[in-house]
Amino acid sequence: MWKRTEKNKASFLLSTDTLSWYGLDLIFDTARELNFDWIDLAMWKNFDARHTEYVMDLVKKYKMPVKVVQISDKVNIKEMNQAIDLWKELWAEVVTINAPSILNITSYRFLKSNLPAYKAHNKSMKFTIINPEDRNFLGVIPKYYFSSIVEIIKKYRMYLALDVANVEEEILDYQFMKKMSNFIPYLSVVYLSDVGKDGKKHLPLWDGVYKIPTLLKKFKQNEYYNFFSLKLALSKKDLADIEKVKVILKKCRTYYKENYEALKLG
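Let us look at the structure shown here. (Residues numbered from 1 in each chain as written. Predicted model: local features only at pLDDT ≥ 70, side-chain atom pairs only at ≥ 80, totals over all residues. Heavy atoms only, no water.)

Overview of the packing of helix H1 (residues 24-33) against helix H2 (residues 52-62)
H2 packs onto H1 with a crossing angle of 25 degrees between their chain directions and a minimal axis gap of 10 Å. As judged from the angle between their axes, H1 and H2 are roughly parallel. The element H1 and its partner H2 pack so that their crossing is right-handed. Here H1 contributes Leu24, Asp25, Phe28, Asp29 and Arg32 to the contact with H2, which in turn contributes Tyr54, Val55, Leu58, Val59, Lys61 and Tyr62. Split into classes, the residues belonging to the contact of H1 with H2 amount to seven nonpolar, no polar and four charged. (Axes fitted to C-alpha atoms, helices over the stretch in contact; angles between N-to-C directions. Helix = DSSP H or I, 4+ residues; strand = E, 2+ residues; numbered from the N terminus. Parallel < 35°, antiparallel > 145°, perpendicular 65-115°, else oblique. Left-handed = near helix turned anticlockwise from the far one by under 90°. Contact = heavy atoms within 4.5 Å. Nonpolar A, V, L, I, M, F, W, Y, C, P; charged D, E, K, R; others polar.)

Next up, the structure:
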């Protein structure tokens, strides 16, 4: 059920936290209308996302499967078990975990202590950590656990969900892209968005200063065939106008198609 048929093709998902003020029915309908491939379900952002039967009904109604189940940075045993139940029922492929803040010792200890057991009992599930923002204006202590993408892979032995907006532009351009081939086997999801000159994150793909077309080209050159997920921080003013939201999302969908799907290498 709902298996990917093309092995050599990355898929473009809509992360539901992009539209976290909307009900899931409207989000699924919008994703289908604008030709997103699948859904990335941020279960803590949409309260109806925790009701498995309701989500299953939407998947069937809109023929829009959920491939990623995303859980919060305040994860506990109840939320983790709900995510795993959703993953099983929805035939998803990935569970992505937002990194806890450095002050949230409880969630960090829960993950550190229990992830090995969860992985052992759910061998086909890709447990994945989303890299948090690496900007630390105080320069004293990090703001989040799991702040190093190398540590996520090597120390914690987890898959990486790369949130592009959370990586410094210089690191993205001059370190990650040059070593991308080393990361590809450990990447399950790439969260796509842009960053403004003022540092504002999760902007539409054309609306900031990051070299998104270059990044997408590098991913294609390195044969990345997992998931891209569109994750935007839209203002309440924009979200109040569904037609404006659709224009933004449609433009992002077209941008991705032109700079990745339709890109001819060589």
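Some points on the sheet that holds strand E6 (residues 159-163)
Reading around the circumference, E1-E2-E3-E4-E5-E6-E7-E8 is the order of the eight strands in this closed barrel, with parallel pairing throughout. The mean angle between the axes of side-by-side strands here comes to 25 degrees, regardless of whether they run parallel or antiparallel. Sheet analysis places strand E4 (residues 94-98) next to strand E5 (residues 126-130), joined by five bridges and oriented parallel. Bridge assignment links Val94 to a residue of E5, and that residue is Lys126. Running over the sheet, helix H3 (residues 77-90) touches strand E2 (38-42), strand E3 (66-71), E4 and E5 and is turned about 180 degrees from E3. (Pairing = 2+ DSSP bridges.)

Brief notes about helix H4 (residues 105-121)
Taking 1.5 Å of rise per residue, the 17 residues of H4 would be expected to cover 24 Å, and the 25 Å separating its terminal C-alpha atoms lies within 8% of that figure. The sharpest bend along H4 measures roughly 45 degrees and falls at Asn114, with the proline Pro116 sitting one to four residues further on. Among the residues of H4, those classed as buried are Ser107, Tyr108, Phe110, Leu111, Leu115 and Tyr118. (Expected span 1.5 Å × (residues − 1). Bend = angle between axes of the 7 residues up to and from the residue. Buried < 20%, exposed > 50% of the residue type's maximum accessible area, 1.4 Å probe, protein only.)

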